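# Structural description and commentary
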Amino acid sequence: MENQKKLPEIRTLSRSDMDKRIAFFANQSGSKLGLPDSKLPECTRELINIIGFEPPKGDSKHVSPLGNDNAQMPAINISEGFNLGFCRCKPGKGPLMHNHDTNETFMPITGKWRCEWNEGNELDFVDLGPCDVISFPPGSSRRFMNITEGNQDEEHLLLVVIAGNAPKAEFTDLAYKRIAEFENQNN
């Protein structure tokens, strides 16, 4: 007989218990800072932490996927093996190429989004619309960008789900090179 994990016993939850697990989107705000590429004009985006995203432990160049500051303020403060957030930005915006130590899955809510993986000659991408999904495994470089046509001042929304309780993000060498160029131009 297989060693199967037993399900938790069913319990009754109070409204007060459940209120801690409800996040009305209209009441949420995020952060546009906290990641190495946050100040670059092409990377301007608001990251909204709904569930989880504890900051990585210890000192390192690794950051929380939504930025360490934003990781301190989830709407639903639980650690149950996954993290959920949103990215809101205008067309032409998105992060630089980066990697995670866990799975990262994207699903556009509004607009059209380009999801890229690899760099250089191996660069590839797919364009996704609302409710399309892409799932990146750990150890793959990836990025996304809002490519919605039309009103260039209209922000669109991308759902982000990342595995783990305290996932780590790290930008690629080429991304860090772009960040350094920007910093040198603006100092």
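Everything below is about the structure shown above.
For the structure given in this document, a descriptive report is provided here. Since this is a predicted model, take the numbers as computed values, not measurements.

## Remarks on the packing of aromatic side chains
- On inspection of all chains with the given rule, the structure shows six aromatic pairs.
- Here the guanidinium or amino end of Arg 114 rests over the ring plane of Phe 125, the centre of that ring lying 4.1 Å away.

## Observations regarding the sheet that holds strand β7 (residues 134–136)
- Sheet architecture is open: five strands sit in the order β1-β2-β9-β4-β7, paired in antiparallel fashion. Unpaired on one side and paired on the other, β1 (46–51) and β7 mark the two borders of the sheet. Adjacent strand axes in the sheet meet at a mean angle of 20 degrees, parallel and antiparallel pairs treated alike.

## Regarding the pattern of salt bridges
- With the rule as written, the count across this model stands at eight salt bridges.
- Salt-bridge contacts for Glu 46 lead to Arg 88; the nearest nitrogen and oxygen are separated by 2.9 Å. With a gap of 42 residues between them, Glu 46 in strand β1 and Arg 88 in strand β2 (residues 82–89) connect regions that are remote in the sequence.
- Residue Glu 46 is classed as buried on the basis of its relative accessible area of 12%.
- The class of Arg 88 is partly exposed, set by a relative accessible area of 21%.
- A salt bridge links Asp 127 to Arg 114; its shortest N-O distance comes to 2.7 Å. One end of the pair, Asp 127, is in strand β6 (residues 124–128); the other, Arg 114, is in strand β5 (residues 113–117), with 13 residues separating them in the sequence.
- On the accessibility criterion, Asp 127 (28% relative accessible area) is partly exposed.

## Quick notes on helix α2 (residues 173–185)
- The end-to-end C-alpha distance of α2 is 18 Å, a good match for the 18 Å that 13 residues give at a rise of 1.5 Å each.
- All of the buried residues along α2 are Ala 175, Ile 179 and Phe 182. The arc enclosing the buried residues of α2, seen along the axis, measures out at 60 degrees, which places them on a common side. Of the residues in α2, the exposed ones pointing more than 90 degrees away from the buried face are Asp 173, Leu 174, Lys 177, Asn 184 and Gln 185.
- On its buried face, α2 sits against β10 (169–171).

## Re the environment of Ala 175
- Position of Ala 175 relative to the elements: it lies in helix α2.
- When the C-alpha positions of Ala 175 and His 98 are compared, they lie 7.5 Å apart, and in sequence the two are 77 residues distant.
- Leaving out residues up to four positions away in the same chain, Ala 175 has contacts with Leu 96 and Met 97.

The rules behind these values
- Residues numbered from 1 in each chain as written.
- Predicted model: local features only at pLDDT ≥ 70, side-chain atom pairs only at ≥ 80, totals over all residues.
- Heavy atoms only, no water.
- Phe/Tyr/Trp six-rings, centres within 6.5 Å; stacked < 30°, edge-to-face > 60°.
- Lys NZ or Arg CZ within 6 Å of the ring centre and 35° of its normal.
- Pairing = 2+ DSSP bridges.
- Helix = DSSP H or I, 4+ residues; strand = E, 2+ residues; numbered from the N terminus.
- Axes fitted to C-alpha atoms, helices over the stretch in contact; angles between N-to-C directions.
- Salt bridge = Lys/Arg side-chain N within 4 Å of Asp/Glu carboxyl O.
- Buried < 20%, exposed > 50% of the residue type's maximum accessible area, 1.4 Å probe, protein only.
- Expected span 1.5 Å × (residues − 1).
- Arc of directions from axis to C-beta.
- Contact = heavy atoms within 4.5 Å.

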